[in-house]
Amino acid sequence: MRVFRFSPSSILSRSFGAMAYSLAGFVLLLPGALLAAEHPGYEIDPARSTTGIGKFYMDREISFVMGHQAAEWLNRPGRIQEEMPDEVVANMGLASDHVVADIGAGSGYFSFRIARLVPDGKVLAVDIQEEMLQLIEERKAEEQVSNIELVLGEIDNPNLPPDSIDAAIMVDAYHEFSHPFEMIDGIYNALKTGGRIFLLEYRGEDPAVPIRPLHKMTETQVVKEMSVFGLEWTDTLDFLPWQHMMIFTKVD
Ligand SMILES: C[S@@+](CC[C@H](N)C(=O)[O-])C[C@H]1O[C@@H](n2cnc3c(N)ncnc32)[C@H](O)[C@@H]1O
């Protein structure tokens, strides 16, 4: 794991449809789950969308990365009603000693909430923007939080050791990963068997969700992309006003 260090101090740094699938015993497990996942490939189209990068993965255009300059927007008070973060983390079923990677952690909006639930474990806050990690570091110091480690990720690598995490969460982040295959491959390898991925994205099926299209994802698209890996689609929790909270499990 590449641990991000600031100086001078040293810092370690689904819905009804899913339920129906579950009841039917449907498992999104490829026959060759023990084999390396096969890369579906990327496509480039110079005629990109306004908020897209012109790079497509499994028929989805990838969006721009949200810059750290907009970090304060991640902490907006209205988010409590819009995204119900405390209810999200309460629904993760965490044990006090779990190690949880918050991938695309941003300003730590979810990292700090998860850290309170894993007092004997830790949160690995992963981001590719050092400025985001700096914000988390400052808040750690202010609030005397010691069980969040900062990890400087790369666009194609979460930089996490194999078999090291019980869960990974991505909130409003996966749609902007420029290398989604490589990222999920890295997260998959970092997960312990039985470990879970929590993937939260604004509901792409719902035109009433006031978010630009490339910043939303449909449940069908997420399942398609996760099915490349040996991941079981365990559930989709749809208690959130605007997002799907999708859960995938590493079963092999
Ligand atoms: C819209 S913000 C969401 C932040 C946080 N999850 C939240 O809900 O407040 C998306 C974050 O993902 C990060 N990101 C984008 N691509 C990434 C990658 N490949 N690996 C890790 N983080 C990434 C961005 O730097 C940004 O901080």
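Further up the page is the structure itself.
Throughout this description, residue numbers start from 1 for each chain and increase along the sequence as written. A pLDDT threshold of at least 70 governs which residues receive local features in this predicted model, and a stricter bar of 80 or more applies before side-chain atom pairs are shown or counted, although totals over entire chains, interfaces and linings include all residues.

(A) How the structure looks around the overall build of the protein. A tally of helices and strands in the protein yields eight helices and 11 strands. Residues counted as buried form 40% of the 252 residues belonging to the protein. Counting from the N terminus, the helices are DSSP H or I runs at least four residues long and the strands are E runs at least two residues long. Comment: burial labels come from other C-beta atoms within 10 Å of the residue's own C-beta, placed from the backbone, where a count of 20 or more is buried, 12 or fewer is exposed, and between is partly exposed.

(B) Spatial organisation of the environment of Phe248. Here Phe248 is to be found in strand E11 (residues 243–250). It is 9.8 Å that separates the C-alpha atoms of Phe248 and Ala167, two residues lying 81 residues apart in sequence. Beyond its immediate chain neighbours, meaning those up to four positions away, Phe248 contacts Arg196, Ile197, Leu199, Met226, Leu231, Glu232, Trp233 and Thr234. Contact between two residues is assigned whenever their backbone-derived C-beta positions fall within 7 Å.

(C) Fine view of the nonpolar core. By our criterion, buried Ala, Val, Leu, Ile, Met, Phe, Trp, Tyr and Cys residues that link up through C-beta atoms within 7 Å make up a nonpolar core. Grouped together as the largest cluster of nonpolar side chains are 58 residues, with contacts concentrated most on Ala125, Ile165 and Ala168. With near-sequence residues (within four places) excluded, Ala168 lies in contact with Ala101, Ile103, Ile187, Leu191 and Ile197.

(D) The arrangement of the site of the ligand in detail. Close contacts around the ligand come from 22 residues, with Gly104, Gly106, Tyr109, Val171 and Ala173 the closest. The class makeup of the residues in the shell around the ligand is 15 nonpolar, four polar and three charged. To decide whether a residue is near a molecule or strand, its C-beta atom is placed from the backbone and checked for lying within 6 Å of it. Three categories are distinguished: nonpolar for Ala, Val, Leu, Ile, Met, Phe, Trp, Tyr, Cys and Pro, charged for Asp, Glu, Lys and Arg, and polar for the others, with Gly belonging to the last.

(E) Representation of the environment of Ile184 in the model. Within the secondary structure, Ile184 is located in helix H7 (residues 180–190). For Ile184, a count of 25 C-beta atoms within 10 Å translates into the label buried. Sequence separation between Ile184 and Pro158 is 26 residues, and the spatial gap between their C-alpha atoms is 8.7 Å.

(F) Highlighting unusual backbone geometry. One non-glycine residue, Asp59, lies in positive phi territory at about 75 degrees. With respect to the helices, strands and loops of the structure, Asp59 is situated in the loop between strand E2 (52–57) and strand E3 (60–63). Even without glycine at this site, Gln144 takes up a positive phi of about 55 degrees. The residue Gln144 is located in the loop between helix H6 (130–143) and strand E6 (148–152) in this model. According to the C-beta neighbour criterion, Gln144 is exposed, with 6 such atoms within 10 Å.

These results come straight from atomic positions and should not be treated as a statement about function.
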